[in-house]
Amino acid sequence: MKKPAFSPVKQGQLPYLRRWWLFAITVVVNAGVICIFSWQRPFGMPDVITDTTICGITTSFITVPIIAEWIVRMRQAGTLPGEVPISTAIQRLPRQRWLLAALSAVVFGIATPLVFWLLMKVYQIDVFTFVQMLGLKIIYSLLLCQLISRFAVLRFIQPDCATPADAPIQRGSEKVANPMPRISYFSDRLNDIKAQAGFGLLMGLVFGSVSFTPDRLMVVAPTLRSGIAITGCITALLVSLFFLPPLHKQLWGLRMRGEIPISPVRNPWVAWLPENSVVFGLVLLLPMAVEMSVVFWVVLRFMGFDVLNYFQFLLIIVLHNTLLFKALVPLIIARATQPARTERTAVVPA
């Protein structure tokens, strides 16, 4: 008797677009391991290295086989995309799910503790409390699951994984993201860091947190948790004036070039947002200032930081803004798909 198909097969969705229960399994298993074996224990450097290594291994052996099963069933049902990115480098990886899971376990079992070792050195952390480590483990379990699943999807959709039992035509219309990093990606991230650092120092000169000694040495005041609301407001001002408008203009250009379909109905939740890039950034200034102040305070409070130097806090800003832009891009695209006010269209709630 044929097994019932998973929900992605029924709905024609790619696995990385509908993975909430894969994330849930990953979090439950990894959180369960730390709760069972390390309940209420402090975590020094050796404990953190051990735990992150275990997390890289367990997440790999959870994610890769599940993704492989999804892809097999989607291929047999004919719901994979007809066009997928072909990668000769990815095709050199094992086609067998357990071999690929083992290879992933080796890679992330080494990379995950290495990243945590670097972070502990940068932030001068000697010991995590159990609650801190549990919270961090939930976060990096999700990040690992996200990253591993993307590579697993790309591997198993390659043509060399096809079998005679597959449907003759794949009729899916979804797109497969290629997670293979390009040189331009690292260049863009480096430019983002330099821009945020430069603008941060410039605004520091304006607001007084950056000064020069008589010997022309630059002095950057530390970031205090007690004054994090001011820091959040200044960071939001930077994003709304210097970073968000170019992003809005770039994505709005898709509409101007006719590369995105215009919605037949008007969504009042996003249609009110301005078309002008600068005004769009200013409209979101207050919400971003509140969000950043709260997020920065929670991060510093949770990690027990009362004060950070400029470079320590810059890393938090860069990570936060990277996630923020991932949330803003769909919002800008949703606004760009709205019909013009002069067009006669229906108005529907979101």
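Not measured: the values here are computed from a predicted model.

A. Summary view of the nonpolar core. Among the nonpolar cores identified, the biggest contains 66 residues, and Ile67, Phe128, Phe156, Leu244, Met288 and Phe313 are the most heavily contacted of them. Sorting the residues of this core by element identifies helix H2 (20-37), helix H3 (45-77), helix H4 (97-122), helix H5 (130-156), helix H7 (228-256), helix H10 (285-303) and helix H11 (310-336) as the ones contributing at least two each. With eleven residues, the top contributor of residues to this core is H5.

B. Representation of the layout of surface pockets. By volume, the second largest pocket amounts to about 500 Å³. Lining the second largest pocket are 26 residues, with Ser209, Thr223, Thr231, Ile234 and Phe313 sitting closest to its centre. With seven residues, the top contributor of residues to the lining of the second largest pocket is H7. Residues belonging to the lining of the second largest pocket are distributed by class as follows: 15 nonpolar, eleven polar and no charged.

C. Representation of the side chain of Gln158. Within the secondary structure layout, Gln158 lies in the loop between H5 and helix H6 (183-207). Setting aside residues up to four positions removed in sequence, Gln158 forms contacts with Arg75, Pro85, Ile86, Ser87, Ile90 and Gln91.

D. Inspection of H11 at higher detail. With 27 residues, H11 extends 37 Å between its outermost C-alpha atoms, agreeing within 8% with the 39 Å of an ideal straight helix rising 1.5 Å per residue. At the N-terminal boundary of H11, the capping side chain belongs to Asn309, with an oxygen 3.1 Å from the backbone nitrogen of Phe311.

E. Examining the packing of aromatic side chains more closely. Within this structure, the stated rule accounts for seven aromatic pairs. A ring pair is formed by Phe116 and Tyr140, whose centres lie 4.8 Å apart and whose planes are at 65 degrees; its orientation type is edge-to-face. One end of the pair, Phe116, is in helix H4; the other, Tyr140, is in helix H5, with 24 residues separating them in the sequence. Of the two residues, Phe116 and Tyr140, neither departs from the other in class, the shared state being buried. When the centroid spacing of 5.1 Å and the interplanar angle of 75 degrees are considered together, the rings of Phe296 and Phe313 count as edge-to-face. A residue pair is termed long-range when its members are at least 10 positions apart, and Phe296 in helix H10 and Phe313 in helix H11 qualify at 17 residues. The residues Phe296 and Phe313 share a single accessibility class, namely buried.

F. Spatial organisation of unusual backbone geometry. Non-glycine residue Gln40 carries a positive phi angle of around 60 degrees. Judged by its relative accessible area of 52%, Gln40 falls in the exposed class. The backbone phi angle of Gln124 is positive, close to 55 degrees, even though this residue is not glycine. Within the element layout of this structure, Gln124 appears in the loop between H4 and strand S2 (127-128). Classification of Gln124 by relative accessible area gives exposed; the value is 64%.

G. Just the state of the cysteines, in detail. Going through the model one piece at a time under the given rule, you end up with zero disulfides. Here Cys55 stays free of any disulfide, with the sulfur of Cys145 as its closest cysteine sulfur at 10.0 Å. Among the residues examined, Cys55 registers a relative accessible area of 0% and is labelled buried. With no disulfide of its own, Cys161 lies closest to Cys145 among cysteine sulfurs, the gap being 19 Å. Owing to a relative accessible area of 16%, Cys161 belongs among the buried residues under this scheme.

Calculation rules
Residues numbered from 1 in each chain as written. Predicted model: local features only at pLDDT ≥ 70, side-chain atom pairs only at ≥ 80, totals over all residues. Heavy atoms only, no water. Core = buried A, V, L, I, M, F, W, Y, C linked by side-chain atoms within 4.5 Å. Buried < 20%, exposed > 50% of the residue type's maximum accessible area, 1.4 Å probe, protein only. Helix = DSSP H or I, 4+ residues; strand = E, 2+ residues; numbered from the N terminus. 1 Å grid on protein atoms, 1.4 Å probe; cavity = no way out; pocket = protein on both sides within 12 Å on 5 of 7 lines; lining within 4 Å. Points joined across faces, edges and corners; volume = space filled by probe spheres on them. Nonpolar A, V, L, I, M, F, W, Y, C, P; charged D, E, K, R; others polar. Contact = heavy atoms within 4.5 Å. Expected span 1.5 Å × (residues − 1). Polar contact = N/O pair within 3.5 Å; in protein donor to acceptor, adjacent residues only side chain to side chain. Phe/Tyr/Trp six-rings, centres within 6.5 Å; stacked < 30°, edge-to-face > 60°. Disulfide = S-S within 2.5 Å.

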